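# Residue-level structure breakdown
What follows is each chain in one-letter form.
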Amino acid sequence: AQTVTQSQPEMSVQEAETVTLSCTYDTSESDYYLFWYKQPPSRQMILVIRQEAYKQQNATENRFSVNFQKAAKSFSLKISDSQLGDAAMYFCACSGTYKYIFGTGTRLKVLA
Amino acid sequence: SQTIHQWPATLVQPVGSPLSLECTVEGTSNPNLYWYRQAAGRGLQLLFYSVGIGQISSEVPQNLSASRPQDRQFILSSKKLLLSDSGFYLCAWSQTDLRDGYTFGSGTRLTVV
């Protein structure tokens, strides 16, 4: 069965600093997609960044980047120059059969 | 462009009453559709998904049911609500190949009293 593990229930970062959120996954698929989603206090789920497993190049979106290690089945999210608006719950997800498998989430606190 | 609508945003229902939450998608055809539930501060629990009209897969046995009467309409129902049905319900859609991930609705906060 496919699994996604986020081992950090909560993380804190100082404003303007960098933080890395960890995610590991397990899948038997040869081709799959990985995502990070952000859920702010409004609870709206927002797509942060996407990675296709067959692409070796790590995805980046402005201050957000990933470290994708396919052999290790690791997909961490790095947030640079953290802002107060980055405070949210972050979910990692891996595509499966007909659906995505989500991790349990990491709550990120940004300290002013 | 594609949009997803979910309503109502907030609902307070007495125990034993029926439930109907509706989700519609615009701007695409034959989407995969999903219902998730989320307890406060917790992760996402997949309740149902559908890959086509009339096709419903249930992930968790419970007091809820789902239907897809039209291609872009997904309904979550209950005949008699329980206190444990309280939570935040999210509808989502994806392309058939999942390549672009999910797009989520804005959610429904259900409180059963």
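Provided above is the structure to which this section pertains.
An account of the accompanying structure is given in this report. (Residues numbered from 1 in each chain as written. Chains lettered and ligands numbered in written order. Predicted model: local features only at pLDDT ≥ 70, side-chain atom pairs only at ≥ 80, totals over all residues. Heavy atoms only, no water.)

### Details of the interface of chain B and chain A
Counting from both sides, the interface comprises 26 residues of chain B and, opposite them, 21 residues of chain A. Buried surface at the junction of chain B and chain A, summed over both partners, amounts to about 1900 Å²; 53% is from carbon and sulfur atoms. Sorting the residues of chain B by area buried against chain A places L98(B), R99(B) and Y102(B) first, and these three jointly supply 29% of that buried surface. Inspection of the chain B/chain A interface yields two salt bridges. Between D100(B) and R50(A) there is a salt bridge, with the nearest N and O atoms lying 3.9 Å from each other. There are eleven residue pairs in polar contact (both at pLDDT 80 or more) connecting chain B and chain A. Secondary-structure elements contributing two or more residues to the side of chain B that touches chain A are β4 (32-38), β5 (44-52) and β9 (87-94) of chain B. Grouping the amino acids of the side of chain B that touches chain A by side-chain chemistry returns 13 nonpolar, seven polar and six charged. (Contact = heavy atoms within 4.5 Å. Buried area = accessible area lost by both parts, 1.4 Å probe. Salt bridge = Lys/Arg side-chain N within 4 Å of Asp/Glu carboxyl O. Polar contact = N/O pair within 3.5 Å; in protein donor to acceptor, adjacent residues only side chain to side chain. Helix = DSSP H or I, 4+ residues; strand = E, 2+ residues; numbered from the N terminus. Nonpolar A, V, L, I, M, F, W, Y, C, P; charged D, E, K, R; others polar.)

### Some words on the layout of surface pockets
All names here are of chain A. In this structure, the largest pocket spans a volume of roughly 170 Å³. Along its surface, the largest pocket is lined by 13 residues, and Q39, P40, P41, M89 and R107 are the ones closest to its centre. A per-element tally of the lining of the largest pocket places strand β12 (residues 106-111) first, with three residues. Along the lines of polarity and charge, the residues of the lining of the largest pocket split into six nonpolar, three polar and four charged. (1 Å grid on protein atoms, 1.4 Å probe; cavity = no way out; pocket = protein on both sides within 12 Å on 5 of 7 lines; lining within 4 Å. Points joined across faces, edges and corners; volume = space filled by probe spheres on them.)

### A few points about the packing of aromatic side chains
Under the counting rule described, the total for this entry stands at 18 aromatic pairs over all chains. Arranged with centres 5.9 Å apart and planes meeting at 25 degrees, the rings of F35(A) and Y37(A) form a pair that is stacked. Like Y37(A), F35(A) is buried. Members of the aromatic cluster, joined through ring pairs, are F35(A), Y37(A), Y98(A), Y100(A), F102(A), Y34(B), Y36(B), Y49(B), Y102(B) and F104(B). (Phe/Tyr/Trp six-rings, centres within 6.5 Å; stacked < 30°, edge-to-face > 60°. Buried < 20%, exposed > 50% of the residue type's maximum accessible area, 1.4 Å probe, protein only.)

### A closer look at the side chain of Q6(B)
Residue and element names in this part refer to chain B. By the element assignment, Q6 lies in strand β1 (residues 3-7). Within the structure, Q6 has its side chain in polar contact with the backbone nitrogen of C91 (distance 3.0 Å). Within the structure, the side chain of Q6 is placed 3.1 Å from the backbone nitrogen of G107, a separation counted as a polar contact. With sequence-adjacent residues up to four places away left out, Q6 is seen in contact with E22, C23, W35, Y89, L90, C91, G105, S106, G107 and T108.

Spatial relationships are all this shows, so hold off on functional conclusions.
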